[in-house]
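Now for the letters of each chain:
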Amino acid sequence: MATTARIGLAGLGTMGSALALNIAEKGFPVAVWNRNTAHITEVIEEAGPLRDALVPSETLEELVAAIAPPRAIIIMVKAGAPVFETIEKLVPLLDEGDTLIDAGNADFNDTRATEKRLREKGIHFIGMGVSGGEDGARHGPSIMVGGDASAYEPIRDIIEAIAATYEGDPCAARLGPDGAGHFVKTVHNGIEYADMELIAEAYGLMRKGQGKSPAEIAEVFGRWNGGRLQSYLCEITEKVLSATDPETGKPAVDVIVDEAGQKGTGRWTLIEALKLGQSASTIEAAVAARSWSAMSGLRGEGSKVFGEADGPAPTLPEDDLGRALLAARILAYGQGFLLLKAASDEFGWDIDLARVAEIWRAGCIIRSSLLDDIAAAIRDGLPEGALHLAPAFREPLVNGAPALRQVVTQSVAAGLPATGFASALSYFDSMRQARGTADLIQGLRDFFGRHGFERVGAEGVHHGPWWD
Ligand SMILES: NC(=O)c1ccc[n+]([C@@H]2O[C@H](COP(=O)([O-])OP(=O)(O)OC[C@H]3O[C@@H](n4cnc5c(N)ncnc54)[C@H](OP(=O)(O)O)[C@@H]3O)[C@@H](O)[C@H]2O)c1
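Let us look at the structure shown here. Since the model is a prediction, treat every value here as computed from it, not as a measurement.

Rules of the game
- Residues numbered from 1 in each chain as written.
- Predicted model: local features only at pLDDT ≥ 70, side-chain atom pairs only at ≥ 80, totals over all residues.
- Heavy atoms only, no water.
- Helix = DSSP H or I, 4+ residues; strand = E, 2+ residues; numbered from the N terminus.
- Buried < 20%, exposed > 50% of the residue type's maximum accessible area, 1.4 Å probe, protein only.
- Contact = heavy atoms within 4.5 Å.
- Pairing = 2+ DSSP bridges.
- Axes fitted to C-alpha atoms, helices over the stretch in contact; angles between N-to-C directions.

1. Section: the environment of A390
Next, step 1: For A390, the location among the structural elements is in the loop between α17 (369–379) and α18 (391–414).
Next, step 2: A relative accessible area of 0% means that A390 is categorised as buried.
Next, step 3: Sequence spacing of A390 and K212 is 178 residues, and the spatial spacing of their C-alpha atoms is 35 Å.
Next, step 4: Filtering out sequence-adjacent residues up to four positions away, A390 remains in contact with A377 and L382.

2. Looking at unusual backbone geometry
Next, step 1: Here the bond from P69 into P70 is cis, since omega is -10 degrees, no more than 30 degrees from zero.
Next, step 2: Tracing the backbone shows P70 in the loop between α3 (60–65) and β4 (72–75).
Next, step 3: With a phi close to 25 degrees, D178 is a non-glycine residue in the positive phi region.
Next, step 4: With respect to the helices and strands, D178 occurs in the loop between β10 (172–176) and α9 (180–209).
Next, step 5: Positive phi values are uncommon outside glycine, yet R450 reaches one of about 50 degrees.
Next, step 6: For R450, the position within the fold is in the loop between α20 (438–449) and β11 (453–454).

3. A few points about the sheet that holds β10
Next, step 1: Ordered in space as β3-β2-β1-β4-β5-β6-β7-β10, the 8 strands form an open sheet in which the pairing is mixed. Sheet topology places β3 (54–56) and β10 at the edges, where each strand pairs with a single neighbour. The mean angle between the axes of side-by-side strands here comes to 25 degrees, regardless of whether they run parallel or antiparallel.
Next, step 2: Strand contacts of helix α4 (residues 81–90): β1 (7–10), β2 (30–33), β4, β5 (99–102) and β6 (124–131), with the helix running at about 155 degrees to β4, the strand carrying the most contacts.
Next, step 3: Each of β5, β6, β7 (142–146) and β10 is contacted by α9, which is oriented at about 20 degrees to β6, the strand it contacts most.

Structure, rendered in structure tokens:
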């Protein structure tokens, strides 16, 4: 077989086939392989004029042989064991200096371990987060790369060509070595969880608390999307809420079972946050809400025993709810950026946080106008990546906090859950208390365990008078 391809791609599922077509469309010949070979033929048949840039490979040997050395192969198979299996099969076929790229979602700890193992064999390993769903992969995703600069440089033209652009700037960047790209993608998804939870709670307040119809709420999201809440998620919320189920004529949202899973990335964000001594409480709230949603049997029982929300209906006007959503969104993104900063320091990645915000401005699921402001705020020298302290966010937080408080108090009074909004508000209130209540916690720890504490204005470890 002729070595005609610039790059290879293993795994032609939803994301893999879309990426392959994207690469082909940008003029790079790409060798493609899939475990189920029948699917290779289908993808080639459906590729239309792009088929000339696709090199079908029925075996991994053929795939490797089709790529010009030093070879780069994107692996886009189901996360976890299938990725490890594919790597194991490919490695013996590769030469020193070749590069494997895991473009699926991955636990960055695995990425770090694989990078180290393959480096010892002279093979580069890149962990590459790709966001934007199928449409993004096909027409321009946001791409978060982690790995050696020397491995990224030869494929940078391809990655930047297939990425989304924001005012001409490609939404793709190498963010650091080994697991940096997959870590940033994980936190991206964590923020996505939080953002969707806040949107769902705003919907719940209007639907259950104020009796608005899905179509009316769709219009609210449409109006919000025209202002400072402009974002892909608000845009598609309008679309989902205005859709009608063709079978029943009901709003489409009403025929969907209200159970959401929480797969890898939301959970990974929390685990890593805790390991790093952080708390991404808005993301935690989102993961918790999804876990509770999955317990529909218990919820049904609970509604029979205790009855559903029966408190006074929230009176909050649309504009205030929008202000609260914006404030909570800023706080949720802020927790994500603090987490990125903590990981970058811990692993010595030196992640350019402004660049992260810049490559999230287009292509990815959390793309929003807010990200341009975030990028500018970080470039202006934000302390520790703490978004809530940025001058650009002072006004929306000062104006949004009272509305956020109203959302939480009115939801509580009505008996409606507002897990995400309440977490964002408590984070905000904690972060504006110069002196909190951990003094008592340290006093208690010293009392029962002689742990000692730092004394105000004094050096060293001290004990309380209860030990005299
Ligand atoms: N879908 C999204 O919106 C999205 C967005 C961002 C990231 N991702 C990530 O992208 C990756 C791929 O997702 P997807 O949605 O494209 O998945 P998918 O449509 O379910 O496709 C899975 C692919 O994995 C292959 N595969 C499964 N087990 C395998 C094994 N043991 N050995 C070799 N190949 C195997 C399948 O091959 P067969 O055809 O032979 O079964 C298929 O090509 C995942 O890590 C996912 O988390 C997905």
